[in-house]
Amino acid sequence: MTARSTTTDPVRDAILAAMDRLLAGTPLRASGRLSISQLAVEAGVKRWHLTHQHLDLKDLFQARVKAQGDTPEAFSKQLSERDELKKKYDDLRQHCADLEERLRVYAAAINLLSLENAALSGREAGAQVIPMPRLPGASEHTSQ
């Protein structure tokens, strides 16, 4: 069902053509969202034309959107792509948080190893490190 009718008003014709494109999911200028603002963008007219001058077209558009019941496939795809990008963004933020935590753990381990190394090599005054006894059957590679 198209809303196109031939009138002598170019603004009205532009709105009717834009309405058909939006409802078909093939916008040329707008984002594809089924709103009065996006209808005005798609038609290339000021929003007030729909809210003050052509109220019947505004009402017709809203009724057709309601009757259609769902979002055009092209815009649904954009919404799902946005959701996918949002999920990837959230996953990346979590991954970064995990890496930062791992970095803190590594920094603490390196700090502890540095202190132990300094104590074993005698660079730290008054530090005493007691070497751990080797377990019986431990391989010779570990002491190299």
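Definitions and limits used
Residues numbered from 1 in each chain as written. Predicted model: local features only at pLDDT ≥ 70, side-chain atom pairs only at ≥ 80, totals over all residues. Heavy atoms only, no water. Axes fitted to C-alpha atoms, helices over the stretch in contact; angles between N-to-C directions. Helix = DSSP H or I, 4+ residues; strand = E, 2+ residues; numbered from the N terminus. Parallel < 35°, antiparallel > 145°, perpendicular 65-115°, else oblique. Left-handed = near helix turned anticlockwise from the far one by under 90°. Contact = heavy atoms within 4.5 Å. Core = buried A, V, L, I, M, F, W, Y, C linked by side-chain atoms within 4.5 Å. Buried < 20%, exposed > 50% of the residue type's maximum accessible area, 1.4 Å probe, protein only. pLDDT = per-residue confidence, 0-100. Salt bridge = Lys/Arg side-chain N within 4 Å of Asp/Glu carboxyl O. Nonpolar A, V, L, I, M, F, W, Y, C, P; charged D, E, K, R; others polar. Patch = residues over 30% accessible without salt bridge, like charges linked within 9 Å, V, L, I, M, F, W, Y side chains within 5 Å. Areas by Shrake-Rupley, 256 points an atom, 1.4 Å probe, with all protein chains shown as cover.

## Examining the packing of helix α1 (residues 10–24) against helix α2 (residues 36–43)
A pair of packed helices is characterised by two quantities: the angle between their axes and the separation of those axes.
Part 1 of the argument: For the pair α1 and α2, interaxial distance at closest approach is 8 Å and the crossing angle is 115 degrees. When the axis of α1 is compared with that of α2, the two are roughly perpendicular. Considering only the axes of α1 and α2, their crossing is right-handed. In this structure, α1 contributes Ala14, Ile15, Ala18, Met19, Arg21 and Leu22 to the contact, and α2 contributes Gln38, Leu39, Glu42 and Ala43.

## As for the nonpolar core
Part 1 of the argument: Counting 16 residues, the largest nonpolar core has Ile15, Met19, Leu39, Leu50, Leu57 and Phe61 as the members making the most contacts within it.
Part 2 of the argument: Listing elements by their share of this core, those giving two or more residues are α1, α2 and α4 (55–68).
Part 3 of the argument: Once residues lying within four places of it in the same chain are set aside, the contact partners of Leu57 are Arg12, Ile15, Leu16, Met19 and Leu50.

## Focus: the confidence of the model for the protein
Part 1 of the argument: With 76% of its residues at a pLDDT of 70 or more, the protein has an overall mean of 81.
Part 2 of the argument: The element-level mean pLDDT for the protein is lowest in helix α5 (residues 73–120), coming to 85, with α1 highest at 91.

## Focus: the environment of Val11
Part 1 of the argument: Mapping Val11 onto the fold places it in helix α1.
Part 2 of the argument: Overall, Val11 belongs to the partly exposed group, its relative accessible area being 22%.
Part 3 of the argument: Excluding residues within four positions of it along the chain, Val11 makes contact with Val45, His49 and His54.

## Regarding the pattern of salt bridges
Part 1 of the argument: Under the definition given, this model contains six salt bridges.
Part 2 of the argument: Notably, a salt bridge pairs Arg64 with Asp20, separated by 3.2 Å at the nearest N-O pair. Taken as a pair, Arg64 in helix α4 and Asp20 in helix α1 lie far apart in primary sequence, 44 residues in all.
Part 3 of the argument: Of the residues examined, Arg64 reaches a relative accessible area of 13% and is grouped as buried.
Part 4 of the argument: The class of Asp20 is buried, set by a relative accessible area of 15%.

## Topic: the packing of α1 against α4
Part 1 of the argument: For the pair α1 and α4, interaxial distance at closest approach is 11 Å and the crossing angle is 10 degrees. The pairing of α1 with α4 is recorded here as roughly parallel in orientation. Note on element contacts: α4 touches α1 through Asp56, Leu57, Leu60, Phe61, Arg64, Val65 and Gln68, opposite Arg12, Ile15, Leu16, Met19, Asp20, Leu22 and Leu23.
Part 2 of the argument: For the contact of α1 with α4, the residue count by class is nine nonpolar, one polar and four charged.

## Structural notes on the environment of Ser31
Part 1 of the argument: Topologically, Ser31 is positioned in the loop between α1 and α2.
Part 2 of the argument: For Ser31, a relative accessible area of 33% corresponds to the partly exposed category.

## Focus: a nonpolar patch on the surface
Part 1 of the argument: A surface patch of nonpolar side chains, about 310 Å² in accessible area, is lined by Val105, Tyr106 and Ile110.
Part 2 of the argument: When you line up the elements, Tyr106 lands in helix α5.

## Concerning α2
Part 1 of the argument: Extensive coverage of α2 is indicated by the burial of six of its eight residues.
Part 2 of the argument: If you check which residues of α2 are buried, you get Ile36, Gln38, Leu39, Ala40, Glu42 and Ala43.
Part 3 of the argument: Packed against the buried residues of α2 are α1, α3 (48–53) and α4.
Part 4 of the argument: After α2 finishes, the residue Gly44 shows a positive phi value of roughly 75 degrees.

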